[in-house]
Amino acid sequence: MSLSDHEYPPIAFVDIETTGSHFERDRITEVGIKSLIHDQVETWESLINPQACIPQNIQSLTGIRPEMVIKQPTFENLAAEIARELEGKIFVAHNARFDYGFLKASFKRAGIDFKPKVLCTVKLSRLLFPEQPRHNLDTIISAHHLELSSRHRALGDADLLLQFWRVCEAKLGRDALLKAVNQLIANASLPPNIDKALVDSIPEKPGCYIFYGENQVPLYIGKSISLRSRVMGHFQGALTLRKEMKLSLQVRDIDWIETSGELGALILESRLIKERMPSMNIKLRRSKDLCAWRLGFDGDGVLTPRLVGHRELDPGIQENLYGLFYSKREANSYLKAIAKKYRLCEALLGLEKRIDGKACFGYQVRQCGGACIGHSPIELHNLQLKTALELFQVQVWPYSGPVAIKEAGHMHVVDRWRYLGTAINEEELYELTDSEEAEFDLDIYKILKKALAGSFKCQVIPLVLMDPALAHPIV
C-alpha cells in the first residue's frame, strides 16, 4: 500500500493496556482506537476481562482495577469486532511492536490472522524531529504541547497519537508527512531506533554482529555466514517472538566484524561473548577451573576414575581424560548418571565409601550389577565403565605441532586445541606460532574438533617451525 500524494488512507491510532509485558503470558485489559477516515475521526474503546491477575503496579499506573473488568467481555468475545474496526487501516501505535505483538498474539488465540500495515510513532518522531533528544510519548507530549485527557488509558493515549499526527501535518505539511509514512511503512521491520542506512551497510558476509543498548552497553552478540540477513531475521521475528521483540525495543546501535568464514565466525563469537558479557546471551563459562576424569587401576584390578583438577589438567596433551567439566559437582553428577544408566557400582567408582565384602547402596535398590560383592566380574565392570566413558574421551592433539586451518585465504592457527589467532600472510603466521601459549577454552575446543573432522570447508595444514633467522614457517 503506497499513500497518494494528497489523501490519507484509513488510519487507526491504537493503544492497549495489559497485565504485563509478555504477550504470550499476559493479557489485554483495554483497547482504544481513534480512526481517521477522510479527515473524520471515529472512536472505539472497551475494557476487556483478561481472565488473569492485574498486578498492583499495573493497577497504580493505569487505574484499571479487577472490579472494573470482571464483568467485561473477554478478548475472544470482542476479537471479530476489533478486527473489523482495524480492517483496511494503517495500524499506528507508539512502540508499535508492543501493541501489535499483543494484538497479533490475542487474535491468533481467537483464530484470526492479523497482518496490517504498521506505523510506529517513535520512528515517525525520530524521522521528522531528529533534533529531539528522546522520542518517548512523554517527551512528545512536552515537545509538541499535546493535551492530556487520560494518560496510561487506552483511548487517552490513542488520542495523543492522533494529536501528534495533526502536529506533524501542521508543522511539515501533508505531503512531507505522507512521504515519511511511506518510507517508514516500507521499512516497518526495523526497530524504532535503528536507521535503514545502518542496516543497509551491513554486508552479506560471514562474521559476528553486536547489538548495543543505551550507552553502548552490549545486549546481544551473534554470528552468521550472511550478516545482514541474520540481523534482519531478528527484527522480523520481533513481530511474533517475545525475545526478539524485547531485543528490538532495546537496541540502539549495531556493529559487526567480518570473518573469513563460518569457522572464524564461531571462534570470534565465543571469544566476544566471554569478553563483553552481553546481557541477552546465554553466558558462556570460562575454562579456567576445568576438571576431567582419568581412569587407572587400583591394587585390586578395579578400573577407577580419578578427578584431575585444573592445576594438573592439560587437555590435548594428556591421554586417558574423559569429560571436561566446569566443576567437581558437575563431574560427579555426570559419573553418577553413567553409573545409573549402565548399572555400575558407585562404591567401585569412588562415589560412595567402599566396605570390603559389603554390597553398595545401589545393589540394595537394584541399580548396581553386584561387582562390589563378586556377583558380577570386575573385568566386566571395567569394560562397561570404559565403554560408557569412551564417547566423552578428550581427544589428544593429533599433530606434532601447530596447524593452520585455512579458510578463504585466512589461516586460523591452532596448537593443542588452543586458538592462537588468525593470520593473513606468512609473517603473521610466524608471529602467531611464536606467541605465548594461549589458554585452553572448552567451547573453542568443541568448535575445532568439528573443524578437524571436516564439518567446515577448510584445509588443515601442519606447520613446520623453523629458526626465525633462517626462514618463515613452511605452510
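One can find the structure itself at the top, above this paragraph.
Residues numbered from 1 in each chain as written. Predicted model: local features only at pLDDT ≥ 70, side-chain atom pairs only at ≥ 80, totals over all residues. Heavy atoms only, no water.

Draft legend 1. The arrangement of the environment of F91 in detail. By the secondary structure assignment, F91 is in strand β4 (residues 90-93). With a relative accessible area of 1%, F91 lands in the buried category. Separated by 321 residues in sequence, F91 and H412 place their C-alpha atoms 50 Å apart. (Helix = DSSP H or I, 4+ residues; strand = E, 2+ residues; numbered from the N terminus. Buried < 20%, exposed > 50% of the residue type's maximum accessible area, 1.4 Å probe, protein only.)

Draft legend 2. Structural detail: the pattern of salt bridges. If you walk through the whole model with that rule in mind, you get 24 salt bridges. Here D39 and R174 are joined by a salt bridge, their closest N and O atoms 3.2 Å apart. With a gap of 135 residues between them, D39 in the loop between β2 (28-37) and β3 (40-47) and R174 in helix α8 (residues 174-186) connect regions that are remote in the sequence. Relative accessible area serves as the criterion here: at 24%, R174 is assigned to the partly exposed category. Each member of the salt-bridge network shares a partner with another, and the members are D39, R166, E169 and R174. (Salt bridge = Lys/Arg side-chain N within 4 Å of Asp/Glu carboxyl O.)

Draft legend 3. Spatial organisation of helix α17 (residues 442-452). Those residues of α17 not exposed but buried are L442, D443, I444, Y445, I447, L448 and A451. Elements that come into contact with the buried residues of α17 comprise α12 (262-276), β11 (321-325), β12 (403-407), β13 (410-415) and β14 (418-423). For α17, the N-terminal cap is D441; the gap from its side-chain oxygen to the backbone nitrogen of D443 is 3.0 Å. Directly after α17, the chain includes G454, whose backbone phi takes a positive value near 95°. (Contact = heavy atoms within 4.5 Å. Polar contact = N/O pair within 3.5 Å; in protein donor to acceptor, adjacent residues only side chain to side chain.)

Draft legend 4. Layout of the side chain of H234. Position of H234 relative to the elements: it lies in helix α10 (residues 227-237). What makes H234 buried here is its relative accessible area of 2%. A distance of 2.6 Å separates a polar atom in the side chain of H234 from a polar atom in the side chain of Y209. Here E244 takes part through its side chain, which lies 2.9 Å from a polar atom of the side chain of H234.

Draft legend 5. Focus on the environment of E312. Looking at the element boundaries, E312 is found in the loop between β10 (303-308) and β11. For the pair formed by E312 and R151, sequence separation is 161 residues and the distance between their alpha carbons is 64 Å. In this structure, E312 is in contact with R306 and Q318, ignoring residues within four places of it in sequence.

Draft legend 6. Here's a closer look at the nonpolar core. Judged by nonpolar contacts, the single largest core of 28 residues is most densely connected at I82, L86, F91, L103 and F107. Where this core is concerned, the elements lending two or more residues are β1 (11-18), β2, α3 (75-86), β4, α4 (96-109) and β5 (118-120). Setting aside anything within four residues of it in sequence, one finds L86 in contact with A12, V14, I33, F91, F107 and F114. Counting 27 residues, the second-largest nonpolar core is a separate cluster that includes I90, V92, L119 and I141. (Core = buried A, V, L, I, M, F, W, Y, C linked by side-chain atoms within 4.5 Å.)

Draft legend 7. Looking closely at helix α16 (residues 426-433). If you check which residues of α16 are buried, you get L429, Y430, L432 and T433. Looking straight down α16, one finds its buried side chains confined to an arc of 165°; they lie on one side. Looking at the packing, one finds that the buried side of α16 touches β12, β13 and β14. (Arc of directions from axis to C-beta.)

Draft legend 8. Looking closely at the packing of aromatic side chains. Tallying each qualifying case throughout the model produces 18 aromatic pairs. Centre to centre, the rings of F23 and F102 are 6.4 Å apart; their planes meet at 75°, and the pair counts as edge-to-face. In this pair, F23 is assigned in the loop between β1 and β2 and F102 in helix α4, connecting sequence segments 79 residues apart. On the basis of relative accessible area, F23 is assigned to the buried category, the value being 1%. (Phe/Tyr/Trp six-rings, centres within 6.5 Å; stacked < 30°, edge-to-face > 60°.)

Draft legend 9. Representation of the environment of D253 in the model. Along the chain, D253 falls in strand β8 (residues 253-258). When near neighbours in sequence (up to four residues on either side) are disregarded, D253 contacts I194, L198, I210, F211, Y212 and Q216.

Draft legend 10. A look at the packing of α10 against helix α11 (residues 242-250). At a minimum axis distance of 7 Å, the contact between α10 and α11 shows a crossing angle of 105°. As far as their axial angle goes, α11 and α10 are roughly perpendicular. Counting all contacts with α10, which are made through R230, H234, F235 and G237, the residues of α11 involved are E244, L247 and S248. (Axes fitted to C-alpha atoms, helices over the stretch in contact; angles between N-to-C directions. Parallel < 35°, antiparallel > 145°, perpendicular 65-115°, else oblique.)

Draft legend 11. Focus on unusual backbone geometry. The phi dihedral of H38 is positive, around 50°, even though this residue is not glycine. Positionally, H38 belongs in the loop between β2 and β3. The backbone of L324 sits at a positive phi, close to 65°, despite the residue not being glycine. Note on L324: relative accessible area 6%, which makes it buried.

Draft legend 12. The arrangement of the pairing of β4 in detail. Neither face of β4 is open: one carries I90 and V92, the other F91 and A93, and all of them are buried. Across 3 bridges, the pairing between β1 and β4 is parallel. Looking at the pairing, F13 lines up with V92 of β4. In this sheet, β5 lies alongside β4 in parallel orientation, the contact comprising 3 bridges. Paired with A93 across the strands is C120, a residue of β5. Taking the sense of rotation as the criterion, the β-α-β connection linking β4, α4 and β5 turns out right-handed. (Pairing = 2+ DSSP bridges. Right-handed = clockwise from strand over helix to strand, strands pointing away.)

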